[in-house]
Amino acid sequence: MVATTTSTSEGWSSRSAFILAAVGAAVGLGNIWRFPTLAGESGGGAFVIFYIACVFLLGLPLVLSEVFIGKAGQTDAVGSIRRVAAQSKASPSWAIFGGVGALAAFLIVSFYSVVAGWVLYYAGIMGGDLVQAILAGDPFRGALAGESQDQIQQRLSDMFASPGLLLGVHFVFMGLTLYIVARGVSSGIEKAATYLMPMFFVLLVGITIYGAIVGDLTDTLAFLFTPDWSKLTPAVMNSALGQALFSLSLGVAGLITYGSYIKGSDGLGGTAALIAVADTGVALLAGLMIFPVVFAVGLDPAAGPTLVFQSLPFAFQSMPAGALIGFLFFILILVAAVTSSISLLEVPTAWGIGELGWKRGTSATVFGVGAFLIGILCLLGYNVLADVHPLGFWPLFADLDILELRLERFGPGASRGLLHLRQAITPGTGPAIVSQFRQRSGDLTFHHHRRIVPWAVLPSVRSLAARIVFLVFARIPALVGHVDTAAYRDLVVEHGDLLVMRTPDGMRGIEAEVDTPVSYPARQIPPHRSTADGG
């Protein structure tokens, strides 16, 4: 039996509308948040140069291919690939890859909405702070006036600990995404892109100029564009490749779906190039926007996922007009998240219309509500389901639950060192969480967080089945099981209630409250070594 596909009657009103929507699909949290994070963790210049090479040597041809398939097929991703395969006298089984892309987009948006909810929450916090500054007659004061560094950093942990709050912001963001997609291509997606993308670029350029004026632009340019090729390891190259593919929204059928709405005969080569250039430009501007502030305040550029939610709010506190800029910064990220989530939800919605014959409203509602429900499992993984490990038996997922302990000095000298402590949990005891740190000398602040599983890991997942399961479960860091600490035992010793970590500066003594015991064997601290002075 030959599969039937419903051709779409919807389309973009102009080439510029398609470019704005496609750039909006490509530009998202991966550019504004993940790119600076990876660049910071991977040494800067070498990563950036390799990333740009991946975008134009690998990403651009794939962008052109996906857009061409969609334009030729004039329907959803599965149907478009099936039609192109038939025209090329190839096997219709190629359509399976369209189905995989649609499934991946559906699963990604379920967690994407959770993360975007965090951004929405922080936008509200910074907006409320700006209102208070205006009412106090000082609209150009620093952000979060009167709050200590610990209070600013604790807000993220408090948010994770509140399932009601996470559920609320997840609901609002997914509801907004569903509303826009349900309105259709011209009345919903195109109109949102027409208004949101110009706002996005104005905010991006404006905040970048602000950062260049009040921040440390010289160190930023050196960090981003001076390569240290010794840091270009296979892991860094894999991260750069993964970031390039994810940032361009490749492999999730988004560009195929958007390409199916092209009705004119405009050349696709220039359009694909514009999408790649705009996406890369936004990533670089994001680095030029964030790192001057980071370097000016003396923060660690490799602060990881907490860079946006903990480090930068603290930086805005000490900067002129920090309340205003902090609010605009999170609005910028929120806009990027909305335009990307729209494209992700549109992929399965178009599949329901093209393959199942559903009305747009029905298809958008089914997949939007389904993604929302899966997202609830994700957000509960940070609190209620934190001790649940359904895939702990699978080594692929066991290696993803990482407790990061980061040592930072907020001021001249910045980072004192970084340690990734992989936990080995005694079966039945639950996760070992170091809940509080105190450095005896008082000049360092220690904090902890669970690393959010980076989407850049996706290219490393070879099996197609494993990749699909990864998209469902690996977005839930608290659910991914047990980790072997064999490679890290030389870094941590245990002596009573004292954990001692070996950092680039030597041995550091930390008093810690540990909720449950870790299973690695304790080693005695050498009697002649001081644990408090780094000796």
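In what follows, the accompanying structure is described. (Residues numbered from 1 in each chain as written. Predicted model: local features only at pLDDT ≥ 70, side-chain atom pairs only at ≥ 80, totals over all residues. Heavy atoms only, no water.)

1. What to know about the overall build of the protein chain
Step number 1: Along its length, the protein chain carries 17 helices and seven strands.
Step number 2: Buried positions account for 56% of the 535 residues belonging to the protein chain.
Step number 3: Intrachain contacts of the protein chain at a sequence separation of at least 6 include 80% that bridge at least 24 residues.
Step number 4: When the accessible surface of the protein chain is summed, it comes to about 20,600 Å², and 65% of that surface belongs to carbon and sulfur atoms. (Helix = DSSP H or I, 4+ residues; strand = E, 2+ residues; numbered from the N terminus. Buried < 20%, exposed > 50% of the residue type's maximum accessible area, 1.4 Å probe, protein only. Contact = heavy atoms within 4.5 Å. Areas by Shrake-Rupley, 256 points an atom, 1.4 Å probe, with all protein chains shown as cover.)

2. Quick notes on the packing of aromatic side chains
Step number 1: Summed over all chains, the structure comprises 26 aromatic pairs.
Step number 2: When the ring of Trp 12 is compared with that of Tyr 258, the centres are 5.2 Å apart and the planes differ by 75°; the resulting orientation is edge-to-face. Here Tyr 258 lies in helix H11 (residues 254-259) and Trp 12 lies in the segment before helix H1 (15-26), a separation of 246 residues in the sequence. You'll find Trp 12 and Tyr 258 in the same group, each marked buried.
Step number 3: Pairing Phe 223 with Phe 295 gives two aromatic rings, centres 5.6 Å apart and planes at 70°, and the pair type is edge-to-face. One end of the pair, Phe 223, is in helix H9 (residues 217-225); the other, Phe 295, is in helix H12 (residues 268-297), and 72 residues separate them in sequence.
Step number 4: The buried category is assigned to Phe 223, whose relative accessible area is 16%.
Step number 5: Among the aromatic side chains, those forming a connected cluster through ring pairs are Phe 111, Trp 118, Tyr 121, Tyr 122, Phe 160, Phe 309, Phe 316, Phe 329, Phe 330 and Tyr 382. (Phe/Tyr/Trp six-rings, centres within 6.5 Å; stacked < 30°, edge-to-face > 60°.)

3. A word on helix H2 (residues 29-41)
Step number 1: Helix length check: H2, at 13 residues, gives a terminal C-alpha distance of 17 Å against a target of 18 Å (1.5 Å per residue), a fit within 8%.
Step number 2: Of all bends in H2, the biggest is about 30°, found at Phe 35, and the proline Pro 36 comes one to four residues later.
Step number 3: Taken across its 13 residues, H2 has twelve buried, putting it largely inside the fold.
Step number 4: Of all the residues in H2, the buried ones are Leu 29, Gly 30, Asn 31, Ile 32, Trp 33, Arg 34, Phe 35, Pro 36, Thr 37, Leu 38, Ala 39 and Gly 40.
Step number 5: Gly 43, located one to two residues past H2, shows a positive phi value of around 95°. (Expected span 1.5 Å × (residues − 1). Bend = angle between axes of the 7 residues up to and from the residue.)

4. Details of the pattern of salt bridges
Step number 1: Considering all chains together, one arrives at five salt bridges under this definition.
Step number 2: Here Arg 155 makes a salt bridge to Glu 147, at a shortest N to O gap of 2.9 Å.
Step number 3: For Arg 155, a relative accessible area of 14% gives the class buried.
Step number 4: What emerges from the salt-bridge pattern is a single network uniting Glu 10, Glu 346 and Arg 360. (Salt bridge = Lys/Arg side-chain N within 4 Å of Asp/Glu carboxyl O.)

5. Overview of the side chain of Thr 271
Step number 1: With respect to the helices and strands, the residue Thr 271 is situated in helix H12.
Step number 2: Ignoring sequence-local partners within four residues, the contact set of Thr 271 consists of Arg 15, Phe 18 and Ile 19.

6. Section: the environment of Met 199
Step number 1: Locating Met 199 in the fold gives a position in helix H8 (residues 185-214).
Step number 2: Along the primary structure Met 199 and Val 335 are separated by 136 residues, whereas in three dimensions their C-alpha atoms are 8.3 Å apart.

7. So, helix H4 (residues 77-87)
Step number 1: Most of H4 is tucked away, with eight of its eleven residues classed as buried.
Step number 2: Burial in H4 covers these residues: Ala 77, Val 78, Gly 79, Ser 80, Ile 81, Arg 82, Val 84 and Ala 85.
Step number 3: Looking at the buried positions of H4, the neighbouring elements they touch are helix H3 (45-73), helix H5 (95-135), H11 and helix H14 (322-356).
Step number 4: Looking one or two residues beyond H4, the residue adopting positive phi is Lys 89, at roughly 60°.

8. Observations concerning the nonpolar core
Step number 1: Trp 118, Phe 200, Phe 329 and Phe 330 are the most contacted members of the largest nonpolar core, which has 129 residues in total.
Step number 2: At 18 residues, H5 tops the list of elements feeding residues into this core.
Step number 3: Sequence-distant contacts of Phe 200, defined by excluding residues within four places in its chain, comprise Val 27, Ile 32, Val 282, Leu 332, Val 335 and Ala 336. (Core = buried A, V, L, I, M, F, W, Y, C linked by side-chain atoms within 4.5 Å.)

9. Considering the side chain of Glu 355
Step number 1: On the secondary structure map, Glu 355 appears in helix H14.
Step number 2: At 3.2 Å, the side chain of Glu 355 and the side chain of Arg 82 are in polar contact. (Polar contact = N/O pair within 3.5 Å; in protein donor to acceptor, adjacent residues only side chain to side chain.)

10. Digging into the environment of Thr 365
Step number 1: Looking at where Thr 365 falls in the secondary structure, it is placed in helix H15 (residues 360-380).
Step number 2: The partly exposed category is assigned to Thr 365, whose relative accessible area is 37%.
Step number 3: Remark: the alpha-carbon pair of Thr 365 and Tyr 179, spanning 186 residues in sequence, is separated by 8.8 Å.
Step number 4: Among the polar contacts made by the side chain of Thr 365, one reaches the main-chain carbonyl oxygen of Gly 361 at a distance of 2.7 Å.

11. As for unusual backbone geometry
Generally, phi is negative for residues other than glycine and the peptide bonds are trans, each holding for most cases.
Step number 1: Backbone geometry at Leu 144 places phi at a positive 55°, although glycine is not the residue there.
Step number 2: The class for Leu 144 is buried, based on a relative accessible area of 3%.
Step number 3: Backbone geometry at Ser 249 places phi at a positive 60°, although glycine is not the residue there.
Step number 4: Counting through the fold element by element, Ser 249 comes out in the loop between helix H10 (234-247) and H11.
Step number 5: By relative accessible area, Ser 249 is classed as buried at 11%.

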